[in-house]
Amino acid sequence: MIPDTFEYARAGSVEEALRMLKEAGGEAKLLAGGHSLLPMMKMRLTSPGKLIDISRIRELRGVRREGDRLVVGALTTHRQVAGDPLVREHLPALAEAASQIGDLQVRNRGTVGGNLAHADPASDLPAVAVALEAELEVQGPDGKQTFGADGFFLGPLITALPEDGLLTSVSFAIPPKGAKSTYVKFPHPASGYAVVGVAAALGTGADGTVNYVRIGITGASDTAYRAEAAEQALLGKKPTEETIREAAARAADGREMNGDLFASSGYRRHLVQVYTARALRKLLG
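Residues numbered from 1 in each chain as written. Predicted model: local features only at pLDDT ≥ 70, side-chain atom pairs only at ≥ 80, totals over all residues. Heavy atoms only, no water.

## Quick notes on the overall build of the protein
A tally of regular secondary structure across the protein gives twelve helices and 14 strands. For the protein, the spread of C-alpha atoms along the three principal axes comes to 60 × 45 × 30 Å. Put simply, the protein has 285 residues, and 51% of those count as buried. Across the protein, the fraction of contacts at a sequence separation of at least 24, relative to all contacts at a separation of at least 6, is 61%. Put simply, the protein shows about 13400 Å² of open surface, and 48% of that area lies on carbon and sulfur atoms. For the protein, the separation between the mean place of its 33 positive charges and that of its 33 negative charges on side chains is 6 Å. (Helix = DSSP H or I, 4+ residues; strand = E, 2+ residues; numbered from the N terminus. Buried < 20%, exposed > 50% of the residue type's maximum accessible area, 1.4 Å probe, protein only. Contact = heavy atoms within 4.5 Å. Areas by Shrake-Rupley, 256 points an atom, 1.4 Å probe, with all protein chains shown as cover. Lys, Arg positive; Asp, Glu negative; His and termini not counted. Charge placed at Lys NZ, Arg CZ, Asp CG, Glu CD.)

The structure is reproduced here in structure tokens:
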């Protein structure tokens, strides 16, 4: 499969990339790791007239802590995220999700920003983004905008990212001290994508009751989502096996499940409940 003809340019800074986007008049795509864009171009699902390579913009890489949030540059690779000491200490769910993306080659080149901007409904990182209340910073011709994860993913491969904007960083809320987080998934045996993936964070108070819980689901529906009904079923209660089962049973409430040749909508609904329970049990040891 061969893509349609296109022009190629490399941007040395965010400002230069934005200028190139504006000059292209909606006919350009940004190229980072390329693991999502290039296959789509080869299948002629998209045919941009110009590719703007942003992969060497150093200011868009790295991880840093800012108050109670961890900020990840949009061009930070999955491999870097999975091994970063700050991520592993404060956001184990993010490190675990990044370590399960694709294969070694994909993790070496694929980027956090590219993954989230592509918005594949079976991708791993959106579950972590919605669970940990991610904020996505976008630079555009009129300045910076910040989108919450809950309003960023609009549909399969559709986001709120403006056509002339560039995703520069993603910040994740650090769970309270003592809380734990994890990511578990049922991977498709051929692609490795999540048939269902669950990101969960949980903390308990001195009396043993749950005082903090966040659950994000990917792979099951058109977009990743917060399983708020399951969260409410846990808050203020002691995390017994019965409570976990009751909460997990509500993890798909109010959501239409996707179905395909590999997994029906009913099977996905079952997997959402099973993997939510597994994630919670894992956090509780």
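## Quick notes on the pattern of salt bridges
Note on pairing: side chains with opposite charge can pair once their charged atoms come close. Summed over all chains, the structure comprises 13 salt bridges. Among the salt bridges present, the one from Arg-226 reaches Glu-231, with a minimum N-O distance of 2.7 Å. A residue is classified by how much of its surface remains accessible, and Arg-226, at 22% relative accessible area, is partly exposed. Connected through salt bridges with shared partners, the residues Glu-16, Arg-19 and Glu-23 form a single ionic network. (Salt bridge = Lys/Arg side-chain N within 4 Å of Asp/Glu carboxyl O.)

## Quick notes on the packing of aromatic side chains
The final tally for this structure, using the stated rule, is five aromatic pairs. Relative to Tyr-267, the ring of Phe-186 lies with its centre 6.4 Å away and its plane at 80 degrees, an arrangement referred to as edge-to-face. Linking Phe-186 in strand β11 (residues 180-187) with Tyr-267 in helix α12 (residues 265-283), this pair joins segments that are 81 residues apart in sequence. Sitting over the face of the ring of Tyr-275, Arg-278 holds its NZ or CZ atom 4.7 Å from the ring centroid. (Phe/Tyr/Trp six-rings, centres within 6.5 Å; stacked < 30°, edge-to-face > 60°. Lys NZ or Arg CZ within 6 Å of the ring centre and 35° of its normal.)

## What about the packing of helix α11 (residues 241-248) against α12?
One can describe the packing of α11 onto α12 by two numbers: an axis separation of 8 Å at closest approach and a directional angle of 140 degrees. Viewed along their axes, α11 and α12 adopt a mutual orientation that is oblique. In this structure, the crossing between α11 and α12 has a hand that is right-handed. Contacts between α11 and α12 pair Glu-241, Ile-244, Arg-245 and Ala-248 from the former with Gln-273, Thr-276, Ala-277, Leu-280 and Arg-281 from the latter. Among the residues making up the contact of α11 with α12, the classes are represented as four nonpolar, two polar and three charged. (Axes fitted to C-alpha atoms, helices over the stretch in contact; angles between N-to-C directions. Parallel < 35°, antiparallel > 145°, perpendicular 65-115°, else oblique. Left-handed = near helix turned anticlockwise from the far one by under 90°. Nonpolar A, V, L, I, M, F, W, Y, C, P; charged D, E, K, R; others polar.)

## Some details on unusual backbone geometry
The phi angle at Glu-133 is positive, at roughly 50 degrees, despite the residue not being glycine. Tracing the backbone through its elements, the reader meets Glu-133 in the loop between α8 (125-131) and β6 (135-140). Located in the positive-phi region is Leu-157, a residue other than glycine, with phi close to 65 degrees. Its location among the elements puts Leu-157 in the loop between β8 (153-155) and β9 (158-159).

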